[in-house]
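A structural walkthrough
Chain residues, written in single-letter form:
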Amino acid sequence: MPNKIHAAITGVHGWVPEDRLTNFDLEKMVDTNDEWITSRTGIRERRILKTPGWATSDMCTEAVKGLLEKTGTKPGEIDMLIVGTITGDMVFPDTANTVCDKIGAKNAFGYDINAACSGFLYALATGAQFVQTETYSKVVVVGADMMSSIIDYTDRNTCVIFGDGAAAVLLEPRKDGTGITDFVLRGDGSGREFLHMKAGGSLHPPSAETVAAREHYAWQDGKRVFVHAVRGMTSTVESLLRRNKMTIEDVNWIVPHQANMRIITSVAEHLEFPMERVTINISKYGNTTAATLPLCLWEYEDRFKKGDNIILTAFGGGFTWGSIYLVWAY
Ligand code: COA
């Protein structure tokens, strides 16, 4: 809607570690094979952060530095920085504050949002509110996870899926009809049973027993997650279309969470949306949790055109899920 202020994405930049963990590497670590992983998930390799002393904040810092350079933004101009992550550097303080320090964003404040694979969606919707209400004019939203820090590389059910990475967007006000237009975000905490990291929080603080029981790793009931993911992503895209009086033909791109290629295909089939206009990079990076959506935006940035109707959709631990409708701004 022209004249109304929307928060628009005016730049995106990503960063992934150089080290690759291929399906063939995994064949040597657990009882699996390239054919199984490729056909069941669509993943061929993932990136793993191995730089000594580096953690999630360092991946965020690289992504944000690139974003600032690309958009000609000075660190001191940033008002707010939000990080969607479940693998922050420490339990506290939050990673957003650490990133502000590392990039020299002296006038910014920020915080982390823990919504697992929906972390970037929740963070983007949150950041957009501050811009849309004219509270702030430069908000950076990052999705980042160092999943390798919470993956059990003896568990073939999870270790084939996840990887590390980070990507960031800049949100600024626009009055030309571009920007974040609507969103549907959902949550159902009863899903925590099927996708979680059992220990390390206040329920099961770290102890010799929790370490011995391998409870500091991500665990999932893959089948259960799969079914809920397809349902949750499809239904929130449909809600957005109904609310905005759009049909699927009005959508130029769908940017789905990269959890499993079969989940992505199934969502597109349910929506009767052509796969050529679905962003996909899962074969290279696997599931980078909160980083998948902005990494896709980064990768497809050159193919998007100003005015394109884009729907972001994700599903993750919690359960958390939802979709965001935005009009591309450049
Ligand atoms: N290599 C080889 N075999 C494997 C394997 C692996 N890496 N992982 C599991 N298997 C085996 C299972 O043990 C099972 O063997 P069984 O029949 O002898 O018991 C068989 O393959 C089928 O397992 P199943 O769990 O039914 O496979 P699946 O088709 O559901 O695929 C996932 C498993 C995890 C890939 C899939 O369920 C998935 O992607 N779920 C969503 C997970 C997700 O996205 N999580 C992130 C949060 S959004």
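These numbers come from a predicted model, not from an experiment.

Reading the values: rules and limits
- Residues numbered from 1 in each chain as written.
- Predicted model: local features only at pLDDT ≥ 70, side-chain atom pairs only at ≥ 80, totals over all residues.
- Heavy atoms only, no water.
- Domains from an automatic or database assignment.
- Contact = heavy atoms within 4.5 Å.
- Buried area = accessible area lost by both parts, 1.4 Å probe.
- Salt bridge = Lys/Arg side-chain N within 4 Å of Asp/Glu carboxyl O.
- Polar contact = N/O pair within 3.5 Å; in protein donor to acceptor, adjacent residues only side chain to side chain.
- Helix = DSSP H or I, 4+ residues; strand = E, 2+ residues; numbered from the N terminus.
- 1 Å grid on protein atoms, 1.4 Å probe; cavity = no way out; pocket = protein on both sides within 12 Å on 5 of 7 lines; lining within 4 Å.
- Points joined across faces, edges and corners; volume = space filled by probe spheres on them.
- Nonpolar A, V, L, I, M, F, W, Y, C, P; charged D, E, K, R; others polar.
- Near = heavy atom within 4 Å.
- Areas by Shrake-Rupley, 256 points an atom, 1.4 Å probe, with all protein chains shown as cover.
- Axes fitted to C-alpha atoms, helices over the stretch in contact; angles between N-to-C directions.
- Parallel < 35°, antiparallel > 145°, perpendicular 65-115°, else oblique.
- Left-handed = near helix turned anticlockwise from the far one by under 90°.

**A look at the domain arrangement of the chain**
- Along its sequence, the chain is carved into domain 1 (6-180) and domain 2 (181-286 + 298-327).
- Spacing between the C-alpha centres of domain 1 and domain 2 amounts to 15 Å.
- Listed by partner, the interface residues are 40 residues for domain 1 and 39 residues for domain 2.
- Interface area for domain 1 against domain 2, summed over the two sides, is near 3200 Å², with a carbon-plus-sulfur share of 62%.
- A salt bridge links Lys306 to Asp176, with the nearest nitrogen and oxygen atoms 3.2 Å apart.
- Where domain 1 touches domain 2, the interface holds 17 residue pairs in polar contact (both at pLDDT 80 or more).
- Secondary structure elements with two or more residues in the side of domain 1 that touches domain 2: β1 (6-15), α2 (34-41), β3 (45-47), α5 (119-132), α6 (156-159) and β8 (179-187).

**Observations regarding empty space enclosed by the protein**
- Here the structure, examined in full by the defined rule, presents one cavity of 30 Å³ or more.
- Ile254, Pro256, Ile264, Val267, Ala268 and Val278 are the residues that line the largest cavity.
- Mapped by element, the contributors of at least two residues to the lining of the largest cavity are β11 (253-256) and α9 (261-271).
- The dominant element in the lining of the largest cavity, judged by the number of residues it contributes, is α9, at three residues.
- A breakdown of the residues in the lining of the largest cavity according to their chemical character gives six nonpolar, no polar and no charged.

**Focus on the site of the ligand**
- In the vicinity of the ligand there are 24 residues, among which Thr32, Arg40, Gln220, Lys223 and Asn260 approach most closely.
- The separation between an oxygen atom of the ligand and a polar side-chain atom of Arg40 is 2.5 Å.
- The contact in question runs from an oxygen atom of the ligand to an N or O atom on the side chain of Asn260, over 2.7 Å.
- Burial of the ligand by the surrounding chains reaches 76%, relative to a free accessible area of 950 Å².
- Within the residue set of the shell around the ligand, elements represented by two or more residues are α2, α6, α8 (222-243) and α9.

**Considering the packing of α8 against α9**
- Remark: α8 packs on α9, axes separated minimally by 9 Å, with the N-to-C direction vectors making an angle of 40 degrees. Between α8 and α9, the crossing angle belongs to the class labelled oblique. Every pair of crossing elements has a handedness; the one defined by α8 and α9 is right-handed. Contacts between α8 and α9 pair Phe226, Ala229, Val230, Met233, Thr234, Val237 and Glu238 from the former with Arg262, Ile263, Ser266, Val267, His270 and Leu271 from the latter.
- Here the residues of the contact of α8 with α9 sort into eight nonpolar, three polar and two charged.

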